[in-house]
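Chain by chain, the residues run as shown.
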Amino acid sequence: MNVKSKIEQLRQQIHDANHAYHTLDQPLISDYNYDLLLNELIQLEQEHPEFFDATSPTQKIGGYVLDKFEKVTRDVPMMSLSNVFNQEELFKFIERIEEVTSSEYIIELKIDGLAVSIKYEKGLFKQAATRGNGLVGEDITHNVKTIKSLPLKLSEPITIEVRGEIFMPHKSFLKLNEQRKRNEEPLFANPRNAAAGTIRQLDSQIVADRELDIFVYAIVDPQSYTQSHKDALALLKKLGFKVNQHATHTMNKEDVWKTIQKFDQLRKSLPYDTDGAVIKVNAYDKYDMIGYTAKSPKWATAYKFQAEIAETTIQDITFQVGRTGVITPVAELEPVSVSGTTVSRATLHNEDYITIKDIRIGDTVRIHKAGEIIPEVIEVVLSERKNQPPFKMITTCPVCGASLERIDGEADHYCTNDSCEAKHIGQLIHFSSRVAMDIDSLGEKVVETLFEKGYTKTITDIYHLHQYREELKILPGFGDKKVEKLIEAIEQSKKQPFHKVLFGLGIKHIGAKVAKILVNYFKSMDAMLEANIEDIQNIHEIGPEIAQSIFSYLRNEENITHIQKLIELGLQFQVENQVIKEHQFNGKTFVLTGKLESFSRDQASEIIESLGGKVTSSVSKLTDYLLAGSDAGSKLKKAESLGVTILNEATFKDIIHE
Ligand code: IVH
């Protein structure tokens, strides 16, 4: 290949990777491979200035400014850090400093999230912005506000700008992806992408639900506040910020190295992702002496931890069928140990993903755990390839044999058979899941058994199961107690509110949130059935795709008969209006704070909403009630100062039970 074509190919590859990463939040290649491509392109462009192109991805290095949000231009640009990858480079970095002045160092974990700068005026939260290209960032104030560990009021009325890293803890990440899987939405590849995708949401309620967190690690213009970084961290903590507790004060380069090695062990057990350690000179009066390069300070650097990568072979590519009929290819791997667990399968997402990476059965591949959690194929080791044929997407459903279709503009293939067993089982599992009808004893295994034995082929069959009590009790693994418990749970599920039932029906694109919006708007299935497509599209937050989906579903005879049967069986297909109008919470605005004993936050919010109230994330003059659990902090203080009615958990319970 000539140089010009090579440059063009690299630009295209990087462009595709950028789009997948920044716009879709679904990275195509690992960061490591991205850097390799980019470095190769930079070098070729330097050697061949005749091929300069202003639209080359190299012209954009340094970050992206999004269009969705207001721009924020800062006085002090957010710099980035140089990197070192091994002991030798680290020691060189320290020796260069020591040539200028002797130093002590603070070593911090490098949190793998996204950088943010936050301004406070007289102790009050004012504005938060992303890094963007360093000088111009995006205003994400309304989203950052929802981060629970970030104080909106500091312990002192100080005017200050701080910087930190927003991240998604493993627990929230797993919960979010589980939810997305149930809704058959694309999964986030790792916590960092999930955090980035979340902070770019226009609806801050979604952000609040996704549980982001933040560590603050620096003060802008720090010398106006303290003399050393150690003191700055202590000040940040005192002001009420969450500061990472592992920051370590070290005296010399051997100490620095020991701490970094300790961190590399420690990171495996942390509940959030880290990708390195940051080494910072402690004394601020030495910063100017040590100096800066154009992009980064010389008094700090990032030591990058090596991601654990393993090689294994792809023994087979199998296919899973989801409840909407979506087909997911899965790599069946020769089991191999990576980052502490044995990995034997990795999702391959869809046909395009496999084609772009040119993954074939029999290939040797390099895998890692994205965000230390999800096994992922990074790349094929091409030198090991024998003569395996390229991957070919299947054309028929692996479960029922019906033909598959791929809709224009979508990456996924779907089974076209409405009576495909896999779809039915998937639908039953979804219907009974905790987030829908919450039939606790009807888990995946039980659903599969009852389906295979012919007891439950459709959702309505679930509500006839009590007629087969005695037969069920003699099924292997069932027994008296279990069957009675199951039947009781099924009976109880009839009380689940309308929006859960609607979500449970498993209509394409109707996730839990959309179901709630539809139910709040229409109040009853009757009203929903009467609506035309424009009525649905006109609802705020409902797009054309969702509107079309629900509309077509409700124009299908079979679906209507199905709903009719469920209504006769006693499931909720309307909002209980009367209760709402009479209740003292109706129309009131709530904020929740502190730790509740008897409910999760989600449960408490649901109760409030079911009584006609609204839950928001921050206390203002418009707040009617603050529900305060134990350890309530700044929100409680603010509510008190604004004269908001404060309910403790016991009073709240009394009122809802009235
Ligand atoms: S200090 C002058 N400390 O790593 C730069 N950065 O390239 C000051 N990061 O953009 C950055 N944890 O997003 C610093 N403890 C930490 C950090 C940290 C994560 C991120 C940050 C920054 C990037 C450095």
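Use the structure listed above.
None of these values were measured; they are calculated from a predicted model.

Cut-offs and rules
Residues numbered from 1 in each chain as written. Predicted model: local features only at pLDDT ≥ 70, side-chain atom pairs only at ≥ 80, totals over all residues. Heavy atoms only, no water. Helix = DSSP H or I, 4+ residues; strand = E, 2+ residues; numbered from the N terminus. Rg over C-alpha atoms; globule rule 2.2 N^0.38 Å. Buried < 20%, exposed > 50% of the residue type's maximum accessible area, 1.4 Å probe, protein only. Contact = heavy atoms within 4.5 Å. Phe/Tyr/Trp six-rings, centres within 6.5 Å; stacked < 30°, edge-to-face > 60°. Lys NZ or Arg CZ within 6 Å of the ring centre and 35° of its normal. Axes fitted to C-alpha atoms, helices over the stretch in contact; angles between N-to-C directions. Parallel < 35°, antiparallel > 145°, perpendicular 65-115°, else oblique. Left-handed = near helix turned anticlockwise from the far one by under 90°. Nonpolar A, V, L, I, M, F, W, Y, C, P; charged D, E, K, R; others polar. Near = heavy atom within 4 Å. Polar contact = N/O pair within 3.5 Å; in protein donor to acceptor, adjacent residues only side chain to side chain. Areas by Shrake-Rupley, 256 points an atom, 1.4 Å probe, with all protein chains shown as cover. Salt bridge = Lys/Arg side-chain N within 4 Å of Asp/Glu carboxyl O. 1 Å grid on protein atoms, 1.4 Å probe; cavity = no way out; pocket = protein on both sides within 12 Å on 5 of 7 lines; lining within 4 Å. Points joined across faces, edges and corners; volume = space filled by probe spheres on them. Pairing = 2+ DSSP bridges. Core = buried A, V, L, I, M, F, W, Y, C linked by side-chain atoms within 4.5 Å. Expected span 1.5 Å × (residues − 1).

**A few points about the overall build of the protein**
Item 1. Helices and strands together make up the secondary structure of the protein, namely 26 helices and 22 strands.
Item 2. Taken over the C-alpha trace, the protein has a radius of gyration of 28 Å; the compact-globule value for 658 residues is 26 Å, and the two agree within 12%.
Item 3. Once the C-alpha set of the protein is aligned to its principal axes, its extents read approximately 85 × 75 × 50 Å.
Item 4. Taken over 658 residues, the protein has a buried fraction of 48%.
Item 5. Pairs at least 24 residues apart make up 66% of the contacts formed inside the protein by residues separated by at least 6 positions.

**Here we look at the packing of aromatic side chains**
For any pair of aromatic rings, the description rests on two quantities: the centre-to-centre distance and the angle between the ring planes.
Item 1. For the structure shown, the criterion picks out 20 aromatic pairs.
Item 2. Centre to centre, the rings of Phe-585 and Phe-652 are 5.8 Å apart; their planes meet at 10 degrees, and the pair counts as stacked. Within this pair, whereas Phe-585 is found in the loop between α23 (577-582) and β19 (589-593), its partner Phe-652 is found in helix α26 (residues 649-657), the two being separated by 67 residues in sequence.
Item 3. Every member of this aromatic cluster is reached through a ring pair, and the members are Phe-585, Phe-590, Phe-599, Tyr-625 and Phe-652.
Item 4. Sitting over the ring of Phe-451, Lys-457 keeps its end group 4.0 Å from the ring centre.
Item 5. For Lys-508, the ring lying beneath its charged end belongs to Tyr-414, and the centroid distance is 4.5 Å.

**Considerations on the packing of helix α12 (residues 421-432) against helix α13 (residues 444-452)**
Item 1. The N-to-C vectors of α12 and α13 enclose an angle of 135 degrees; their axes lie 10 Å apart at closest approach. Between α12 and α13, the interaxial angle falls into the category oblique. When you trace α12 past α13, the crossing you get is right-handed. On α13, the residues that touch Glu-421, His-424, Ile-425, Leu-428, Ile-429 and Ser-432 of α12 are Glu-444, Val-447, Glu-448 and Phe-451.
Item 2. Taken together, the residues of the contact of α12 with α13 sort by class into 5 nonpolar, 2 polar and 3 charged.

**Here's the deal with the site of the ligand**
Item 1. Around the ligand, the surrounding shell holds 13 residues, and the nearest of these are Glu-108, Ile-111, Glu-165, Tyr-217 and Lys-280.
Item 2. At 3.0 Å from a nitrogen atom of the ligand is found a side-chain nitrogen or oxygen belonging to Lys-280.
Item 3. Protein chains bury 85% of the 520 Å² of accessible surface belonging to the ligand in isolation.
Item 4. Breaking the shell around the ligand down by element, the ones donating at least two residues are β3 (105-111) and β10 (274-281).
Item 5. For the shell around the ligand, the element with the highest residue contribution is β3, accounting for 4 residues.
Item 6. Taken together, the residues of the shell around the ligand sort by class into 8 nonpolar, 1 polar and 4 charged.

**Regarding unusual backbone geometry**
Trans peptide bonds make up the majority, and among non-glycine residues the majority have a negative phi.
Item 1. With phi around 55 degrees, Glu-211 is a residue other than glycine that occupies positive phi space.
Item 2. Relative to the helices and strands, Glu-211 is located in the loop between α7 (204-209) and β8 (213-219).
Item 3. Look at Glu-211 and you get partly exposed, because its relative accessible area is 32%.
Item 4. The backbone of Asp-438 shows a phi angle near 55 degrees, a positive value even though the residue is not glycine.
Item 5. As for its placement among the helices and strands, Asp-438 is situated in the loop between α12 and α13.
Item 6. Residue Asp-438 is classed as partly exposed on the basis of its relative accessible area of 39%.

**Points about the pattern of salt bridges**
Item 1. Inspection of the entire model under this criterion finds 25 salt bridges.
Item 2. Two residues, Glu-211 and Lys-175, come together in a salt bridge whose shortest N-O distance is 3.0 Å. Taken together, the residues span a long stretch of sequence, with Glu-211 in the loop between α7 and β8 and Lys-175 in helix α5 (residues 170-182) at a distance of 36 residues.
Item 3. The partner of Lys-516 in a salt bridge is Glu-609, with the nearest N and O atoms 3.1 Å apart. Of this pair, Lys-516 sits in helix α18 (residues 512-522) while Glu-609 sits in helix α24 (residues 601-610), and the two are 93 residues apart along the sequence.

**Here we look at empty space enclosed by the protein**
The gaps left among the atoms become clear once a water-sized probe is rolled over them.
Item 1. Inspection of every chain in the model, using the stated rule, returns 2 cavities of 30 Å³ or more.
Item 2. Volume-wise, the largest cavity comes out at about 50 Å³.
Item 3. Looking at the largest cavity, the residues that line it are Val-72, Arg-74, Ser-117, Ile-118, Lys-119, Gln-127, Ala-128, Ala-129 and Glu-161.
Item 4. For the lining of the largest cavity, a count of residues per class yields 4 nonpolar, 2 polar and 3 charged.

**With respect to the pairing of strand β5 (residues 124-130)**
Item 1. Pairing analysis gives 6 bridges linking strand β4 (residues 114-121) to β5, with the strands arranged antiparallel. By the bridge assignment for β5, Glu-121 is matched with Leu-124.
Item 2. The antiparallel pairing of β4 with β5 creates a hairpin that spans 2 residues between the two strands, and Lys-122 there sits at a positive phi of about 45 degrees.

**Section: the sheet that holds strand β20 (residues 614-616)**
Item 1. Pairing is parallel across the open sheet formed by 4 strands, whose spatial order is β20-β19-β21-β22. If you trace the sheet from one side to the other, it starts and ends with β20 and β22 (645-647), each paired once. Neighbour to neighbour, the strand axes of the sheet diverge by 35 degrees on average, direction disregarded.
Item 2. Direction of pairing for β19 relative to β20: parallel, over a ladder of 3 bridges. Residue pairing across strands places Phe-590 opposite Val-615, the latter belonging to β20.
Item 3. The sheet contacts of α24 involve β19, β20 and β21 (625-628), and relative to β19 the element is tilted by about 165 degrees.
Item 4. In the packing of helix α25 (residues 634-642) onto the sheet, the strands contacted are β19, β21 and β22, and the crossing angle to β21 comes to about 145 degrees.

**Concerning the sheet that holds strand β14 (residues 341-347)**
Item 1. The strand order β14-β13-β12-β15-β16 describes an open sheet built from 5 strands, whose pairing is antiparallel. Edge positions in the sheet fall to β14 and β16 (374-380), since each has one partner strand and no second. On average, each strand axis in the sheet is inclined to that of its neighbour by 45 degrees, with strand direction left out of account.
Item 2. Here strand β15 (residues 364-370) pairs with β16 via 6 bridges, running antiparallel. Each bridged residue has a counterpart across the sheet, and for Ala-370 the counterpart in β16 is Ile-374.

**Remarks on the nonpolar core**
Item 1. Core analysis: the biggest nonpolar cluster contains 64 residues, and Ile-118, Val-144, Phe-241 and Ile-260 have the highest contact counts within it.
Item 2. Not counting the four nearest positions on each side in its chain, Phe-241 is found in contact with Tyr-120, Leu-150, Pro-151, Leu-154, Val-162, Val-216 and Leu-236.
Item 3. Counting 55 residues, the second largest nonpolar core, distinct from the first, contains Leu-442, Ala-489, Ile-507 and Met-528.

**Quick look at helix α3 (residues 87-100)**
Item 1. A rise of 1.5 Å per residue sets the reference length of α3, with its 14 residues, at 20 Å; its end C-alpha atoms lie 21 Å apart and thus fit the reference within 8%.
Item 2. Its buried side turned inward, α3 meets β2 (82-84), β3, α9 (253-266), β10, α10 (287-290) and β11 (300-304).

**Details of the environment of Ser-155**
Item 1. As for its placement among the helices and strands, Ser-155 is situated in the loop between α4 (141-144) and β7 (160-167).
Item 2. For the pair Ser-155 and Asn-83, spaced 72 residues apart in sequence, the C-alpha separation works out to 35 Å.
Item 3. Not counting the four nearest positions on each side in its chain, Ser-155 is found in contact with Lys-238 and Leu-239.
Item 4. A distance of 2.8 Å separates the side chain of Ser-155 from the backbone oxygen of Lys-238, its partner in a polar contact.

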